[in-house]
Amino acid sequence: MSDNPFRGEHAREVTASGVFSQHEVSLANRNSGVFLEMLALDITPVGAHYLLSHFDVPLLQAGAHRLVLDGAFDAPFEMSLEEIRAEPQVTMPVTMECAGNGRTGMEPRSFSMPWAYEAVGTAEWTGTPLAPLIERAKPQGGVVDFAFEGADFGYDKGVGHAFGRSLTPEELDRLEVLLVYEMNGQPLLPQHGAPLRLIVPGWYGMASVKWLNRITAMTERYQGFQQVGTYRFRQAADDPGEPVTEVRVKSLMVPPGVPDWITRKRRLSPGRVTLQGRAWSGAGVPVERVEVRIGEDWHEAKVEAPVGRYAWSGWSFDWQAEPGHYLLACRATDAEGNMQPMEAAWNLSGFANNAPHEVEVFVED
Ligand SMILES: Nc1nc2c(c(=O)[nH]1)N[C@H]1C(S)=C(S)[C@@H](COP(=O)(O)O)O[C@H]1N2
Ligand SMILES: [Mo]
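Conventions used here
- Residues numbered from 1 in each chain as written.
- Chains lettered and ligands numbered in written order.
- Predicted model: local features only at pLDDT ≥ 70, side-chain atom pairs only at ≥ 80, totals over all residues.
- Heavy atoms only, no water.
- Helix = DSSP H or I, 4+ residues; strand = E, 2+ residues; numbered from the N terminus.
- Rg over C-alpha atoms; globule rule 2.2 N^0.38 Å.
- Buried < 20%, exposed > 50% of the residue type's maximum accessible area, 1.4 Å probe, protein only.
- Contact = heavy atoms within 4.5 Å.
- Areas by Shrake-Rupley, 256 points an atom, 1.4 Å probe, with all protein chains shown as cover.
- Lys, Arg positive; Asp, Glu negative; His and termini not counted.
- Charge placed at Lys NZ, Arg CZ, Asp CG, Glu CD.
- Phe/Tyr/Trp six-rings, centres within 6.5 Å; stacked < 30°, edge-to-face > 60°.
- Polar contact = N/O pair within 3.5 Å; in protein donor to acceptor, adjacent residues only side chain to side chain.
- Pairing = 2+ DSSP bridges.
- Near = heavy atom within 4 Å.
- Nonpolar A, V, L, I, M, F, W, Y, C, P; charged D, E, K, R; others polar.

J.: Quick question: what am I supposed to make of the overall build of the protein here?
T.: Across its full length, the protein holds 5 helices and 24 strands. Against the 2.2 N^0.38 benchmark of 21 Å for 365 residues, the protein shows a C-alpha radius of gyration of 21 Å, consistent with a compact globule. Every one of the 365 residues in the protein was classed for burial, and the buried ones make up 51%. At a minimum sequence separation of 6, the contacts of the protein that also span at least 24 residues come to 73%. Looking at the protein as shown, the accessible area adds up to about 16,600 Å², and 51% of this sits on carbon and sulfur atoms. Here the protein contributes 31 positive and 48 negative side-chain charges, whose respective centroids are spaced 2 Å apart.

So this is what it looks like as structure tokens:
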């Protein structure tokens with residue numbers, strides 16, 4: 001065995017416990033998370049939005065970029081970025097979260113990008129609705145999937161592939177999918193998918209394909225590696241599992257006070273402290289309630305209206321902090337009655353961990 005990852009011979013563990021490996025650390029250096037202090041804002045600044053790219057960032061020329069619609073369409077066509085920009089324009093604030101967010105909170109953890117809490121952000125995405133373009137290409141009667149592929153190609157478990165995901169015609173009807181070329185009013189940055197990406201509101205981030213260059217209408221289910229090989233809730237490696245789709249209800253807190261550099265534990269002075277953060281759920285379901293735990297007791301926080309149907313809500317709670325050592329936590333409930341569980345159910349890839357965010361604080365004179 002030569003440890004050649006391109007033949008699937010690499011010695012990568014599926015799960016790990018304890019210390020992080022060099023490979024996990026280098027993934028963390030490429031894929032940054034949001035600064036939790038930015039959770040005070042409705043819209044995450046572009047440079048503070050989290051990032052997750054599996055392979056290399058392709059450096060594409062906006063002027064030369066083409067989006068190809070091919071496969072089982074009666075009227076397939078290609079579009080330049082200029083032509084896409086000439087389509088009806090919409091701007092939508094969308095909260096996006098990586099499915100792997102929170103995986104380090106599961107034991108054993110999945111051997112992958114070691115996210116704790118920070119793989120979430122809300123941007124104002126500008127682009128055009130996808131559904132009318134698909135209709136214009138006239139999908140044939142037997143179409144069961146639309147495959148979306150990016151310009152980034154790489155290997156995972158010995159399988160070479162361009163990052164790709166699919167949606168069924170029914171999902172495309174139901175979800176307000178956008179073809180996007182701007183983020184917070186600026187052209188997309190290379191690492192966020194320039195010059196063109198998909199945004200699938202209400203779903204975990206893996207569906208929002210970056211560097212999009214091809215949409216293929218398929219009369220058989222799409223078997224792309226990222227569709228059938230990765231983003232599924234599995235209990236064991238040979239378990240086909242259930243696909244990861246809509247985001248689960250979740251909340252985060254702006255860590256109060258000031259941090260210790262290494263441990264990120266917090267120090268604050270006694271007196272009134274406004275605890276605040278953001279809460280969200282999937283598929284356009286609003287957050288109804290946020291509770292804050294201080295010591296043993298849960299308190300009702302004030303929840304603001306979201307900035308958009310697919311965006312998070314701000315929340316706040318005024319705390320009269322007395323000297324002591326506390327483990328603070330926050331927990332959201334959505335309008336369908338889904339509440340964050342105190343402990344997430346384990347799955348092989350550590351997906352969708354929505355257990356409460358905990359912050360350790362020392363209140364001292
Ligand atoms: N082409 C391509 N699209 C992709 C990815 C990728 O690696 N390649 N990563 C996906 C994942 S897992 C997430 S969470 C989001 C992250 O988007 P962002 O980096 O703009 O925050 O992009 C998705 N789209
Ligand atoms: Mo992700």
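J.: Quick question: what am I supposed to make of the packing of aromatic side chains here?
T.: Aromatic ring pairs: the centre-centre distance and the angle between the two ring planes describe each pair. In the structure shown here, the tally under the stated rule is 7 aromatic pairs. Ring centres of F73 and F146 lie 6.0 Å apart, and the angle between their planes is 20°; this geometry places the pair in the stacked category. You can see F73 sitting in the loop between β2 (66-71) and β3 (77-80) and its partner F146 sitting in strand β7 (residues 145-156), a full 73 residues away along the chain. Exposure remark for F73: the relative accessible area of 4% places this residue in the buried category. Here F153 and Y155 contribute two aromatic rings whose centre-to-centre distance is 5.9 Å and whose plane-to-plane angle is 85°, an arrangement assigned as edge-to-face. According to the relative accessible area criterion, Y155 is partly exposed, its value standing at 41%. The rings of F6, F153 and Y155 are connected pair by pair, giving a single aromatic cluster.

J.: Explain the side chain of S316 here, please?
T.: Mapped onto the secondary structure, S316 falls in strand β22 (residues 313-321). For S316, the residues in contact, after removing those within four places along its chain, are T274, L275, Q276, A301 and K302.

J.: When you look at the side chain of S251 in this model, what are you seeing that I'm missing?
T.: Relative to the elements of secondary structure, S251 occurs in strand β15 (residues 250-253). Of the polar contacts made by the side chain of S251, one reaches the side chain of Q340; its length is 2.7 Å. Excluding its chain neighbours within four sequence positions, the residues that come into contact with S251 are R278, A279, W280, W315, C330, R331, A332, Q340 and H357.

J.: Sorry, what's going on with the pairing of strand β12 (residues 212-218) here?
T.: For a regular strand, the rule is simple: side chains alternate between the two faces of the sheet. Note: β2 against β12, 4 bridges, orientation parallel. Bridge pairing in β12 places L69 opposite I215. Relative to β12, β7 is paired through 6 bridges, and the arrangement is antiparallel. From the neighbouring strand, F148 faces β12, where its bridge partner is I215.

J.: Is there a simple way to explain the site of ligand 1 in this structure?
T.: Around ligand 1, the surrounding shell holds 19 residues, and the nearest of these are Y50, D152, H192, R197 and K210. One of the backbone nitrogen or oxygen atoms of Y50 is found 2.8 Å away from an oxygen atom of ligand 1. The separation between an oxygen atom of ligand 1 and a polar side-chain atom of H192 is 2.7 Å. Look at ligand 1: alone it shows 530 Å² of surface, and the protein chains cover 100% of it. Grouping the constituent residues of the shell around ligand 1 by class yields 10 nonpolar, 6 polar and 3 charged.

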